[in-house]
Amino acid sequence: MSELADSIDQVLDRIAQAAQRAGRSAEDIAIVLATKTRTADEIRAAVEIFSERGVRVGVGENRAQEIAKHVDLEDLGLTRHFIGRLQTNKARDVVRFADLIHSVDRPGLIDALERRANNDGVTQRILLQVNTSGEDTKAGFAPDAAVLKDAIDRCRDGGTLTVEGLMTIGSHTGDEDEVRRSLRDLRILREDLADGAVRELSMGMTHDLEQAVEEGATIIRVGSAVFGERDYTK
Ligand SMILES: *Cc1c(COP(=O)(O)O)cnc(C)c1O
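Residues numbered from 1 in each chain as written. Predicted model: local features only at pLDDT ≥ 70, side-chain atom pairs only at ≥ 80, totals over all residues. Heavy atoms only, no water.

Bringing the overall build of the protein into the picture now. When helices and strands are counted, the protein shows eight helices and eight strands. For a compact globule of 234 residues, the expected C-alpha radius of gyration is about 17 Å, and the protein comes in at 17 Å, within 12% of that figure. Across its three principal directions, the C-alpha atoms of the protein cover 50 × 40 × 35 Å. Here the protein holds 234 residues, and 49% of them are scored as buried. Within the protein, counting contacts between residues at least 6 apart in sequence, those at least 24 apart form 63% of the total. On the protein, the mean spot of the 32 positive side-chain charges and the mean spot of the 43 negative ones are 4 Å from each other. (Helix = DSSP H or I, 4+ residues; strand = E, 2+ residues; numbered from the N terminus. Rg over C-alpha atoms; globule rule 2.2 N^0.38 Å. Buried < 20%, exposed > 50% of the residue type's maximum accessible area, 1.4 Å probe, protein only. Contact = heavy atoms within 4.5 Å. Lys, Arg positive; Asp, Glu negative; His and termini not counted. Charge placed at Lys NZ, Arg CZ, Asp CG, Glu CD.)

The structure is reproduced here in structure tokens:
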């Protein structure tokens, strides 16, 4: 079996086992491939292997400039996610291509996306990114239900952004309890909001996907567990 297929089987197995421990069905957890510097051919090969396993994955891009490579994958009918930090001046490119933007992290970006979507006459599905780790290097709204409620209202007032859930990047530490806390807090915030439309929890990456699944992730974003460690020189 190829190395790629082997990695994919391991990821599916990790998800399945975590889901089982949590009494959840693995089918309720969507997988988004964080494609970063990967080529369209590499992404295609991975998508096809998942598909052979009966799993439909989405693709997630971090950089507005790399959106173009997804065009080569159009025949696969993938859902396209934007998961990276987004500058307001790139809102236009991303609104045009993304089915779901996970990384809406500040009021100014809500306004920019609202203007773009309004201009293009589309509705845009989004998640609000929350900084549950408290790390200054991470973007996101404060982990406070009142702050999130204001952001949701801001989106609803505009009328073109649909908030479907919350997203976080887990704490970057070897302390497992802290990692779990940073993921659990996202679920607690969703409970505090008690807003039926806000249901998705996008959390869990290569290093914390088990904890994320156990804490209720509905979408996980994996890159290196599938493709191998990134080549940072690219
Ligand atoms: C790269 C990235 C991921 C995936 O990270 P891995 O550790 O490679 O699985 C998930 N979410 C975001 C926002 C990313 O930038």
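Next comes the rest of the description.
On to the UniProt feature "modified residue: N6-(pyridoxal phosphate)lysine" (unreviewed entry) in the protein, then. Look at the UniProt record and you will see "modified residue: N6-(pyridoxal phosphate)lysine" (unreviewed entry) annotated at Lys36. Among the structural elements, Lys36 can be located in the loop between β1 (30–34) and α2 (40–52). (UniProt positions renumbered as here; feature names shortened; annotations may be inferred.)

Once that is clear, we can look at the site of the ligand. Close to the ligand lie twelve residues, the nearest being Lys36, Asn62, Thr206, Gly223 and Ser224. Between the ligand and Asn62 there is a distance of 2.8 Å, counted from an oxygen atom to a side-chain nitrogen or oxygen. Surface burial for the ligand is 92%, taken as the share of its 390 Å² of free accessible area covered by protein chains. The class makeup of the residues in the shell around the ligand is five nonpolar, four polar and three charged. (Near = heavy atom within 4 Å. Polar contact = N/O pair within 3.5 Å; in protein donor to acceptor, adjacent residues only side chain to side chain. Areas by Shrake-Rupley, 256 points an atom, 1.4 Å probe, with all protein chains shown as cover. Nonpolar A, V, L, I, M, F, W, Y, C, P; charged D, E, K, R; others polar.)

Turning to the nonpolar core, a few remarks are in order. One finds Leu33, Val94, Leu113, Leu128, Leu166, Ile220 and Val226 to be the most contacted residues of the largest nonpolar core, which totals 65 residues. Ranked by residue count, the leading element in this core is helix α1 (residues 3–21), at eight residues. Not counting residues up to four positions away in its chain, the partners in contact with Ile220 are Ile15, Ile29, Ala30, Ile31, Val32, Met203, Gly204, Leu209 and Val213. Residues Val32, Leu100, Leu127 and Met167 belong to the second largest nonpolar core, which totals five residues. (Core = buried A, V, L, I, M, F, W, Y, C linked by side-chain atoms within 4.5 Å.)

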